[in-house]
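# Observations on the three-dimensional arrangement
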Amino acid sequence: MKIAVLREDPSLEPRVAATSETVKKFIASGATVAVEAGAGRPAGILDADYGTAGASVVEGREAVLADADLILAVRRPAALHGAKHGAALVALMDPFGNEQALAELAQAGISSFSLELIPRITRAQVMDVLSSQANLAGYQAVIEAAAHFGRAMPMMMTAAGTVPAARVFVMGAGVAGLQAIATARRLGAVVTATDVRPAAKEQVASLGAKFVAVEDEEFKAAETAGGYAKEMSADYQAKQAALVADHIAKQDIVITTALIPGRPAPKLVSAAMLSSMREGSVVVDLAAERGGNVEGVTPDQVTQKDGVTLIAYTNMAGRVAASTSALLARNIFAFVESMTDKETKALRIDRNDEITAATLLTHEGSVVHPRFAPAAP
Ligand code: NAD
């Protein structure tokens with residue numbers, strides 16, 4: 001199997017889909033690997049490192065794609081000129097709302113797999129890119145907040161007196177939120193958190209943070225079978241907003257991470273709530289890529305509103321690219337390995353396999369995923 005590792009657009013994506021470590025593993029399992037020159041640079045991996053790992057380093061997109069059976073990228077590439085009919089593509093495909101791009105890939109005969117659709121089942125944990133990336137994004141959100149906060153995070157007791165601990169409020173206690181809680185706690189902050197899923201309550205408490213939420217009947221049924229949050233009713237959102245408005249005015253740092261798969265991010269922090277926060281507070285919106293949880297944030301900008309710093313990087317995971325790439329590349333290796341035939345060493349696309357069925361978007365000329373396939377005429 002010939003594997004191509006693409007160089008991302010460095011202005012959008014500093015991560016890389018394969019590291020020297022995973023290149024070595026692919027080669028040990030019988031593949032050959034071509035890396036587009038410069039692919040690892042923003043994540044701290046030099047072309048020479050890939051060369052030492054056994055890959056060939058190739059200048060230019062078309063040259064690296066020529067003959068590739070499997071193309072690895074972090075994000076869905078804008079174009080794949082030169083890729084052969086029948087090649088497979090593994091990437092964060094961002095399929096929601098991008099039906100046209102999927103149709104084009106299908107037409108080009110590419111079998112594309114969406115890493116973000118890997119099911120959250122035990123067998124697939126090692127491939128779970130959403131978790132590995134969200135984990136570090138949650139950590140980094142706290143680091144960014146602390147860097148912009150003009151005060152100390154822990155309570156400091158000194159001969160000159162005491163400075164209080166920062167109060168941190170985390171909204172959305174999934175993978176990123178739980179890591180944000182843990183990181184803020186390690187830095188000595190007093191942490192509270194909210195979520196709409198009841199299962200989050202115990203997880204928040206186990207990290208030493210206080211859970212703040214509207215715990216009505218709708219809350220008790222807010223988790224889908226897949227473990228994700230449902231979109232809440234307008235009535236619930238109003239109750240939640242009233243509770244949050246009260247709480248947020250007393251916080252120094254707010255980190256929002258609330259997402260609903262395939263939907264715009266829920267708006268949780270209004271302009272009025274922001275203006276109730278005291279001067280010098282910091283808000284980090286980790287949902288910025290999906291429209292944001294906070295009113296008035298500018299994607300990829302750090303802005304000021306009424307003395308509050310608003311941070312809305314759309315690719316927080318990319319701000320720790322060496323670490324996130326190391327994990328992402330291992331996730332991708334495990335995913336590819338699970339589809340590789342042990343005898344022939346080629347990719348075997350078995351549509352009866354649960355992980356393949358959940359992730360395969362385009363195959364043999366069509367969009368095949370039930371969520372994205374065009375409706376029958
Ligand atoms: P996510 O990124 O989809 O959303 C982040 C958090 O925002 C979630 O906890 C969600 O409940 C919350 N949220 C949504 N709407 C909200 C609102 N209006 N107000 C407040 N919070 C809101 O979630 P995720 O981090 O991907 O995790 C989703 C679930 O998947 C969790 O239950 C997690 O434990 C589970 N999970 C399971 C596995 C596994 O392998 N079994 C791995 C990772 C995560």
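Residues numbered from 1 in each chain as written. Predicted model: local features only at pLDDT ≥ 70, side-chain atom pairs only at ≥ 80, totals over all residues.

## Comments concerning unusual backbone geometry
If you check the backbone angles, aspartate 67 has positive phi at about 75° while not being a glycine. Mapped onto the secondary structure, aspartate 67 falls in the loop between α3 (61-65) and β4 (70-75). (Helix = DSSP H or I, 4+ residues; strand = E, 2+ residues; numbered from the N terminus.)

## A short note on the nonpolar core
Counting 118 residues, the largest nonpolar core has Ala17, Ile71, Leu72, Val90, Ile181 and Ile255 as its most contacted members. Structurally, this core is a two-domain feature, drawing no fewer than three residues from each of domain 1 (2-127 + 321-367) and domain 2 (136-319). Residues in contact with alanine 17, not counting those within four places in the same chain, are Val5, Leu6, Leu72, Ala73, Val74, Leu328, Ala329 and Ile332. (Core = buried A, V, L, I, M, F, W, Y, C linked by C-beta atoms within 7 Å. Buried ≥ 20, exposed ≤ 12 C-beta atoms within 10 Å, placed from the backbone. Domains from an automatic or database assignment. Contact = placed C-beta atoms within 7 Å.)

## Some points on the pairing of strand β10 (residues 190-194)
A regular strand carries its side chains on alternate faces of the sheet. β10 sits mainly inside the fold: four of its five residues count as buried. With respect to chirality, the unit in which strand β9 (residues 167-171) leads through helix α6 (residues 175-186) into the neighbouring parallel β10 is right-handed. By the bridge criterion, two bridges tie β10 to strand β11 (residues 210-211) in an arrangement that is parallel. Note on β11: the bridge partner recorded for alanine 193 is phenylalanine 211. Assessed by its sense of winding, the connection that carries the chain from β10 through helix α7 (residues 199-206) to β11 is right-handed. (Right-handed = clockwise from strand over helix to strand, strands pointing away. Pairing = 2+ DSSP bridges.)

## What to know about the domain arrangement of the protein chain
Looking at the protein chain, the domain boundaries give domain 1 (2-127 + 321-367) and domain 2 (136-319). Centre-to-centre, using C-alpha coordinates, domain 1 lies 33 Å away from domain 2. Counting from both sides, the interface comprises eight residues of domain 1 and, opposite them, seven residues of domain 2. Considered class by class, the residues forming the side of domain 1 that touches domain 2 number three nonpolar, two polar and three charged. (Nonpolar A, V, L, I, M, F, W, Y, C, P; charged D, E, K, R; others polar.)

## Quick notes on the sheet that holds strand β14 (residues 302-305)
What the seven strands build is an open sheet, ordered β11-β10-β9-β12-β13-β15-β14; its pairing is mixed. Two strands lie at the open edges of the sheet, namely β11 and β14, each paired on one side alone. In this structure, strand β12 (residues 253-256) lies alongside strand β13 (residues 282-285), joined through four bridges in parallel fashion. For threonine 256, the partnering residue across the bridge sits in β13 and is aspartate 285.

## A closer look at the site of the ligand
Residues in contact with the ligand amount to 30 residues; listed here are only the nearest, Gly172, Gly174, Val175, Ala229 and Ala258. For the shell around the ligand, the elements supplying multiple residues, two or more each, are α5 (129-148), α6 and α7. Classifying every residue of the shell around the ligand by side-chain character gives 18 nonpolar, eight polar and four charged. (Near = placed C-beta within 6 Å.)

## Things to note about the pairing of β9
The buried count for β9 comes to four of five residues, which makes it a mostly enclosed element. In terms of strand pairing, β9 meets β10 through five bridges, oriented parallel. When the sheet's bridge partners are listed, valine 170 is paired in β10 with alanine 193. Pairing analysis gives four bridges linking β9 to β12, with the strands arranged parallel. Residue pairing across strands places phenylalanine 169 opposite valine 254, the latter belonging to β12.

## Points about α5
Counted at 1.5 Å a residue, the expected span for α5 with its 20 residues is 28 Å, and the 28 Å between its end C-alpha atoms agrees. Where burial is concerned, most of α5 is hidden: 14 out of the 20 residues are buried. (Expected span 1.5 Å × (residues − 1).)

## Quick look at the packing of α5 against helix α11 (residues 321-338)
Following both chains from N to C, one finds α5 and α11 inclined at 170°, their axes separated by 9 Å at the closest point. With respect to each other, α5 and α11 are oriented roughly antiparallel. Of α11, the residues touching α5 (which contributes Val129, Ser132, Gln133 and Leu136) are Ser323, Thr324, Leu327, Leu328 and Asn331. For the contact of α5 with α11, the per-class residue count stands at four nonpolar, five polar and no charged. (Axes fitted to C-alpha atoms, helices over the stretch in contact; angles between N-to-C directions. Parallel < 35°, antiparallel > 145°, perpendicular 65-115°, else oblique.)

## Here's the deal with the confidence of the model for the protein chain
The share of residues in the protein chain with pLDDT of 70 or more is 99%, and the mean pLDDT across the chain is 95. Per the prediction output, this complex has pTM 0.94; the corresponding ipTM is 0.94. (pLDDT = per-residue confidence, 0-100.)

## Observations concerning the packing of helix α1 (residues 20-28) against α11
Taken N-terminus to C-terminus, the directions of α1 and α11 make an angle of 15°; their axes are 9 Å apart at the nearest point. What the angle tells us is that α1 and α11 run roughly parallel. Classified by chirality, the crossing of α11 by α1 is right-handed. The residues of α11 that touch α1, namely those facing Glu21, Thr22, Lys25 and Phe26, are Ala329, Arg330 and Phe333. Split into classes, the residues belonging to the contact of α1 with α11 amount to three nonpolar, one polar and three charged. (Left-handed = near helix turned anticlockwise from the far one by under 90°.)

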